Amino acid sequence: MAAQPAAPTEIVGAAGAEPATAVFPAAGAGGAADRAAAGQRGSAEDIGATRPYDDSARYEAFWFAVSQPRTAVDASTGQPVFSLEPGQWILALQDRGQEFVVQSPDGRVGVLRDLSGIERA
């Protein structure tokens, strides 16, 4: 006679609590909250910034359009990455002064170096 499989075990938590999951572990599962409640320090150390915040490095994305077809290129190789067409809004991730870092609708990133005839939104 073959042995029957064991019945699944039940996680016992607070009365009326939902079952434990990876996202919401049961109370007493040894998480950071349990260590803090017990007054213990976790193994991970708090870290600070590695360098001071530089406000001049901030930039904002913006939308723009081109008056004639253009090509966004790879920043390091200069090879074409995707085309920019008139009649569509294009997302610029950064204005570098002489060029824009741009993103295509499918997520590819390139550099637009010809900024003549640009219309910002």
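Quantities reported herein were computed from a predicted structural model and do not represent experimental measurements.

## Re the overall build of the protein chain
Part 1 of the argument: Each helix and strand counted, the protein chain has one helix and seven strands in total.
Part 2 of the argument: Counted from the first residue to the last, the protein chain has its helices and strands arranged as α-β-β-β-β-β-β-β.
Part 3 of the argument: Counting contacts in the protein chain only where the partners sit at least 6 residues apart, residues at least 24 apart contribute 49% of the total.
Part 4 of the argument: On the protein chain, roughly 9,600 Å² of surface is accessible, and the fraction owed to carbon and sulfur atoms is 53%.

## Quick word on the packing of aromatic side chains
Part 1 of the argument: As enumerated under the stated definition, the model contains three aromatic pairs in all.
Part 2 of the argument: Considering the side-chain rings of F62 and F64, the 6.3 Å spacing of their centres and the 50 degrees angle between planes classify their relative orientation as tilted. Neither residue differs from the other here; F62 and F64 are each classed as buried.
Part 3 of the argument: Ring-pair connections join several aromatic residues into one group, and the members of that group are F62, F64 and F100.
Part 4 of the argument: Note that R120 overlies the ring of F62, its terminal NZ or CZ placed 3.9 Å from the centroid.

## What to know about the nonpolar core
Part 1 of the argument: If you look at the biggest cluster of nonpolar residues, it comprises 11 residues: F62, F64, V66, A72, F82, L84, I90, A92, F100, V102 and L112.
Part 2 of the argument: Those elements giving two or more residues to this core turn out to be β1 (62-66), β3 (80-84), β4 (90-95) and β5 (100-103).
Part 3 of the argument: The leading source of residues in this core is β1, at three residues.
Part 4 of the argument: Aside from chain neighbours lying at most four places away, what touches F82 is R70, T71, A72, V102, Q103, S104, R108, V109 and G110.

What counts as what
By convention here, each chain's residues receive numbers from 1 onward along its written sequence. In view of the model being predicted, local features appear only for residues whose pLDDT reaches at least 70, and side-chain atom pairs are presented and counted only at 80 or more, with totals across whole chains, interfaces and linings using the full set of residues. Water and hydrogen atoms were dropped before computing side-chain values, which therefore reflect all heavy atoms in the structure. Numbered from the N terminus, helices here are DSSP runs of H or I no shorter than four residues, and strands are runs of E no shorter than two. Contacts are assigned to residue pairs with any non-hydrogen atoms lying within 4.5 Å of each other. Using the Shrake-Rupley algorithm and a 1.4 Å probe, accessible areas are obtained, with residue cover drawn only from the displayed protein chains. Pairs were defined over the aromatic rings of Phe, Tyr and Trp, the Trp ring being its six-membered one, requiring ring centres within 6.5 Å. Orientation was assigned from the angle between planes: stacked under 30 degrees, edge-to-face over 60, tilted for the rest. For each residue, the accessible area found with a 1.4 Å probe, counting protein chains only, is set against the maximum for its type, and the residue is called buried under 20%, exposed over 50%, and partly exposed in between. By the criterion adopted, a ring carries a charge over it if an Arg CZ or a Lys NZ lies within 6 Å of its centre and within 35 degrees of its normal. Buried Ala, Val, Leu, Ile, Met, Phe, Trp, Tyr and Cys residues form a nonpolar core when they are joined through side-chain atoms within 4.5 Å.

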